[in-house]
Amino acid sequence: MNMKQVAKGAIAALTSVAALGALTAPALATDGAGVDVLSQHGGAQRIAGVYGNAKAKNVILFIGDGMGDSEITVARNYLHGVNGSFDGLDKIGQPNLNPGVETGVGQYTTFSLGNNSGDSLMAKDKSGNLAGSTTAGVITPVTDSSASGSGWSTGTKTYNNAVDVDVKGNPQLNLIELAKAAGKATGNVTTAEIQDATPAVLESHSTERACYGPQGKWDGKTDTNGDGKIDPATDGNQAKNCLANQLKANGGIGSISEQLLDTRADVTIGGGSKYFNQFGLDGKTLWEQAKDRGFQTVESGDIAGFKALKEADQSKPVLALLGDGNLPTQFNPSVATKYSADKDANPTVCTPNDKWLGNQGASLADFTNKAIDLLSANPNGAKNGYFLQVEGASIDKQDHNANACGQIGETDDLDKAISAALAKVDLSNTLVIVTADHAHTSQIVEAQPYYALSTVLKNHDGSKTVISYGTSDEPVYQDENGDPIDNDEYTQGENGDADTDKKFDGAQGNMSHTGTQLRIAASGPSASRVDGLTDQTDNFYTIANALGLAADTDAQKALSDSAKVEVKKSADGKYFAEANGFNGDAVLSYKLTDKASGKVVAQSADNDTNKTPVAGVRVATAQTTEITLPADFTPAEGANYTLTVTGRQSGKAVAVDFAGQKASSEQQPGVEPNNGGAQGQQNGQSGKTDAKGNQTVASGEVKNPAAPLSKTGSAVLGVALLVLALGAGALCIRFAKSSRR
């Protein structure tokens, strides 16, 4: 065998190995991966790199909170019989019911990385201050709604109670932020409080899911301490519900409700109205702030206002919160009790709830219809498409209360919302995904269990379903002493337990989640990506890839490549800055320095007293973010300053130089001083005055490295190098021949 044959064999072997590696690259997630891997952005994917070519203009994600296989089956049995079908829920993913449409059905894993913030670097004490934890994540088989929601909304696994922050507290960009950066319309719809975990993961970044408002979970009207006056500082629950570092009062990015206004989805519909009665730093309620910022607001109980909504876009987004808390369920409650032969002899029939908003034309299906109409008519939606999340929240909430009728009614509401969407959208350009965030407690069993509470229901077909609830470590229905009401015994009433109302008034919501994998089904472009076994974080990549959003870290950082900053002076002489284009960031950091002395004149808290990932200026997603400088700051005559603004996620920075009054007057009108900073460059717009009378003093933009060659440029360079190589080879041959002579 000569050397040429050896070389050919070696090359063939290497090629085979490389090809085999390419085939196995998108394999299932590695067995035994630890927190260090799983906590990275995309680190828990099971099908990383596996994508189809189909793209969707729109994506609608339906979430049945707590809707495991048991919850679906319980509701189907009761409403349609054991051989019946849901009109919407069972249609998604079924090839025979979606002719000519791509479909997919699979299961996904839902584990989290910590039981609460105590398993993260963001652990807090009872006063709301950092507790000094050095633990950054613990593998936890059973997730809560905030960790699971963060998984599909950002692609990053995190700890229970976290909202779009990782185990170290770093904010992770979510689907609404990324969709807005891509010019799409966005919507967020739920039957829960809008601050609750599942809707919150599309509107905020919070180390604690309970940080509903600047005063925590407070209604803004209750004199909590009984001193005869309403005082946010003493009547609120901020220390209990929030990490102090995240609050705006301490230089943080703010609560969930405040960040909702920054994220500014085009359409937001749900409950939780009372928490917008809390007060911001300016002394105004959050409702007042929303109106000042151009939101169309619909407050608790205003069904007519909801129905009257005709348009929604970034100039007038919709914020419709139709209940003070979670919205009422379709059916009145049932309760689970100990074994009783009477339950088998007299199975429960669910009764309609007069308080359900669907009776007035404001069901989840009505919300979905309204959202799709508004987003489709929205200029961005019509041109670029939209992303919409719709949640049926009380499947989970009533499962927690062992309330079979409550969870069944909510499942029916979700099913009808899916049907409403299917009647409006075109599945050739719209991907519809239906799944849940975690499994739950209710189980269909053969007979009433001895070691658990249960409910016996009469199904649509006349059969009976026995539902077991057995995951609470304390009484579910408690009296004022914490004891089980009626000792959890069953007393036959006209329909179900005679003491249902008394028991349910003491419901503690402490039946717990379970950790099983969940059903996920899809119809539309890229639907087949949900086939087989995936992870919750894979759903983020499925949606992002279908919509053409920036999914990986580098692509997200690149969204801030065109960021710009303007230093402005208001009509009353106050200085501030406006940042635009930081679309790869959730938080900004800034520092204002005197160039001559190097003295820091002003800076964001993350550079000073609050060195946490949730400190700084919250980015107004795909909008102008205002950076307030100290009210008493006036540039000294003849002095020169640099304002540096940095995206905390992208690392992209803009440095803007500007001068005091005397130096400014010596410049030619409209000409910027040269900005020698390595991170920014001037764009020559000094002297402009906007409609509000604010004058642009100086401006700058990100200075990116030289762009790589285009494909054409690379091809030309390649040809040139080849010619040089051939020429060099010819010279070598000539030299060799001459040497032999």
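Residues numbered from 1 in each chain as written. Predicted model: local features only at pLDDT ≥ 70, side-chain atom pairs only at ≥ 80, totals over all residues. Heavy atoms only, no water.

A. Spotlight on the sheet that holds strand β8 (residues 430-436). Strands sit in the order β5-β6-β4-β3-β7-β1-β8-β12-β2-β13 across an open sheet of 10 strands; the sheet is mixed. Sheet topology places β5 (296-298) and β13 (532-535) at the edges, where each strand pairs with a single neighbour. Neighbour-to-neighbour, the strand axes of the sheet open up by a mean angle of 15°, direction not taken into account. Taken together, the 6 bridges between strand β3 (residues 185-193) and strand β7 (residues 386-392) define a ladder with parallel strand orientation. Looking across to β7, one finds that Ala185 is bridged to Tyr386. Of the strands in this sheet, β1 (58-64), β3, β4 (267-271), β6 (318-321) and β7 are in contact with helix α13 (residues 364-377), which crosses β7 at around 170°. (Pairing = 2+ DSSP bridges. Helix = DSSP H or I, 4+ residues; strand = E, 2+ residues; numbered from the N terminus. Axes fitted to C-alpha atoms, helices over the stretch in contact; angles between N-to-C directions. Contact = heavy atoms within 4.5 Å.)

B. Layout of the state of the cysteines. Summed over the entire model, instances satisfying the criterion amount to 2 disulfides. Residue Cys211 pairs covalently with Cys242 via a disulfide, S to S 2.2 Å. Judged by the sign of its S-S torsion, about 100°, the cystine formed by Cys211 and Cys242 is right-handed. Here the residue Cys211 occupies a position in the loop between α6 (197-200) and α7 (232-235), and Cys242 occupies one in the loop between α8 (238-241) and α9 (256-263), the gap between them amounting to 31 residues. With a relative accessible area of 1%, Cys211 lands in the buried category. Owing to a relative accessible area of 1%, Cys242 belongs among the buried residues under this scheme. Bonded cysteines in the chain are paired 1-2, 3-4 when counted in the order they occur along the chain. (Disulfide = S-S within 2.5 Å. Buried < 20%, exposed > 50% of the residue type's maximum accessible area, 1.4 Å probe, protein only.)

C. Up close: the packing of aromatic side chains. On inspection of all chains with the given rule, the structure shows 11 aromatic pairs. Seen in terms of ring centroids, Phe306 and Phe367 are 5.3 Å apart; in terms of plane orientation they differ by 75°. Their pairing is edge-to-face. Highlighted residues: Phe306 in helix α11 (residues 303-307) and Phe367 in helix α13, separated in sequence by 61 residues. The pair Phe306 / Phe367 is uniform in exposure class, with both members buried. With a centroid separation of 5.0 Å and an interplanar angle of 85°, the aromatic rings of Tyr450 and Tyr451 are classed as edge-to-face. The exposure class assigned to Tyr450 is exposed, which follows from its relative accessible area of 73%. Grouped by ring-pair contacts, the aromatic residues Tyr575, Phe633, Tyr641 and Phe658 constitute a single cluster. For Lys217, the ring lying beneath its charged end belongs to Tyr212, and the centroid distance is 4.6 Å. Over the aromatic face of Phe295 sits the side chain of Arg264, whose NZ or CZ is 4.9 Å from the ring centroid. (Phe/Tyr/Trp six-rings, centres within 6.5 Å; stacked < 30°, edge-to-face > 60°. Lys NZ or Arg CZ within 6 Å of the ring centre and 35° of its normal.)

D. Molecular detail of α9. Of all 8 residues in α9, 8 are buried; the element is thus mostly enclosed. Listed as buried for α9 are Ile256, Ser257, Glu258, Gln259, Leu260, Leu261, Asp262 and Thr263. Structurally, α9 contributes buried residues whose contacts are with α5 (175-181), α6, β4, α10 (286-292), β6 and β18 (617-618). At the C-terminal side of α9, Arg264 shows a positive phi close to 60°.

E. Geometry of the environment of Thr158. Note on placement: Thr158 falls in the loop between α4 (145-154) and α5. Note: C-alpha distance between Thr158 and Ser146 (12 residues apart in sequence) is 8.8 Å. Residues in contact with Thr158, not counting those within four places in the same chain, are Ser112, Leu113, Gly114, Ala147, Ser150, Val165, Asp166 and Val167. Looking at Thr158, its side chain comes within polar contact range of the main-chain oxygen of Val165, at 2.7 Å. (Polar contact = N/O pair within 3.5 Å; in protein donor to acceptor, adjacent residues only side chain to side chain.)

F. How the structure looks around the confidence of the model for the chain. In this model, the chain carries an average pLDDT of 90, and 87% of its residues clear a pLDDT of 70 or more. Every residue in residues 6-26 is under pLDDT 50, and counting partners more than four places away or in other chains gives 3 contacts. Counting interchain partners and residues more than four positions distant, the pLDDT-below-50 stretch residues 663-685 has 52 contacts. (pLDDT = per-residue confidence, 0-100.)

G. Examining the pairing of strand β14 (residues 564-569) more closely. In terms of strand pairing, β14 meets strand β15 (residues 575-580) through 6 bridges, oriented antiparallel. Each bridged residue has a counterpart across the sheet, and for Lys568 the counterpart in β15 is Phe576. Linking β14 to β15, which pair antiparallel, is a turn of 5 residues; within it Gly573 sits at a positive phi near 90°. Two strands pair when backbone bridges link them, and β14 and strand β23 (residues 695-702) are joined in this way by 6 bridges, in the antiparallel orientation. Along β23, the bridge assignment pairs Lys569 with Gln695.

H. Layout of the pattern of salt bridges. A full pass over the atoms with the stated rule returns 22 salt bridges. The shortest N-O distance in the salt bridge between Arg293 and Asp262 comes to 2.9 Å. Of this pair, Arg293 sits in the loop between α10 and β5 while Asp262 sits in helix α9, and the two are 31 residues apart along the sequence. Judged by relative accessible area, which is 30%, Arg293 ranks as partly exposed. Here Lys424 makes a salt bridge to Asp373, at a shortest N to O gap of 2.9 Å. Here Asp373 lies in helix α13 and Lys424 lies in helix α16 (residues 404-424), a separation of 51 residues in the sequence. Taking relative accessible area as the criterion, Lys424 reaches 37% and is therefore assigned partly exposed. With a relative accessible area of 39%, Asp373 lands in the partly exposed category. Through salt bridges with shared partners, a single ionic network connects Asp144, Asp196, Arg209 and Lys397. (Salt bridge = Lys/Arg side-chain N within 4 Å of Asp/Glu carboxyl O.)

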